[in-house]
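Residues per chain, in single letters:
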Amino acid sequence: MAVRQQLEVLGREQCLGLLRTVRVGRLVFVEDALPAVRPVNFRVKRDHVVIRVAGGAKLAAATISSGSRWRR
């Protein structure tokens, strides 16, 4: 019988700490009503995740679908 594992909810500081240990991640957003996944280079600066991407249609789609405030 398989052992079931539960999801662990991480706090913000735990998440940022884990993100500081890697340099490449995945940005997931909705494009044309479907999920889109793109690899991205990023850094954690203070308590913000800074993503470096080229401008264009993909960035616009991610910005619109996220509903968040992106700084350019």
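Look above for the structure.
What comes next is a walk through the structure.

Parameters at a glance
Residues numbered from 1 in each chain as written. Predicted model: local features only at pLDDT ≥ 70, side-chain atom pairs only at ≥ 80, totals over all residues. Heavy atoms only, no water. Helix = DSSP H or I, 4+ residues; strand = E, 2+ residues; numbered from the N terminus. Buried < 20%, exposed > 50% of the residue type's maximum accessible area, 1.4 Å probe, protein only. Contact = heavy atoms within 4.5 Å. Pairing = 2+ DSSP bridges. Axes fitted to C-alpha atoms, helices over the stretch in contact; angles between N-to-C directions. Salt bridge = Lys/Arg side-chain N within 4 Å of Asp/Glu carboxyl O.

**Looking at the overall build of the protein**
- Looking only at helices and strands, the protein features two helices and three strands.
- Secondary structure elements in the protein, listed N-terminal to C-terminal, are α-β-β-β-α.
- Taking all 72 residues of the protein together, the buried fraction comes to 17%.
- Considering only intrachain contacts with a sequence separation of at least 6, the fraction spanning at least 24 residues in the protein is 29%.

**Observations concerning the pairing of strand β1 (residues 24-31)**
- Bridging between β1 and strand β2 (residues 34-45) involves eight bridges; their strand directions are antiparallel. Residue pairing for β2: E31 is matched across the bridge by L34.

**Side note on the environment of R23**
- Relative to the elements of secondary structure, R23 occurs in the loop between α1 (12-19) and β1.
- Here R23 is in contact with V40, N41, F42 and R43, once residues within four sequence places are set aside.

**Focus: the environment of N41**
- Relative to the elements of secondary structure, N41 occurs in strand β2.
- Counting along the chain gives 19 residues from N41 to V22, while the straight-line C-alpha distance between them is 9.3 Å.
- Residue contacts for N41: discarding those within four places in its chain leaves R23, V24, V50, I51 and R52.

**A short note on the pairing of strand β3 (residues 48-52)**
- Two strands pair when backbone bridges link them, and β2 and β3 are joined in this way by five bridges, in the antiparallel orientation. When the bridges of β3 are listed, F42 appears paired with I51.
- Taken together, β2 and the strand that follows it, β3, pair antiparallel across an intervening segment of two residues, in which R46 is found at a positive phi of about 55°.

**What about the sheet that holds β1?**
- Reading across the sheet, the three strands line up as β1-β2-β3 and stay open at both edges, with antiparallel pairing between neighbours. The open sheet has two edge strands with one neighbour each: β1 and β3. Taken pair by pair, the neighbouring strands of this sheet meet at an average axis angle of 50°, ignoring direction.

**Quick notes on the pattern of salt bridges**
- Summed over all chains, the structure comprises one salt bridge.
- In this structure, R38 and E31 form a salt bridge, with 3.6 Å as the shortest nitrogen-oxygen distance.

Honestly, that's just the spatial picture; any functional story needs more than this.
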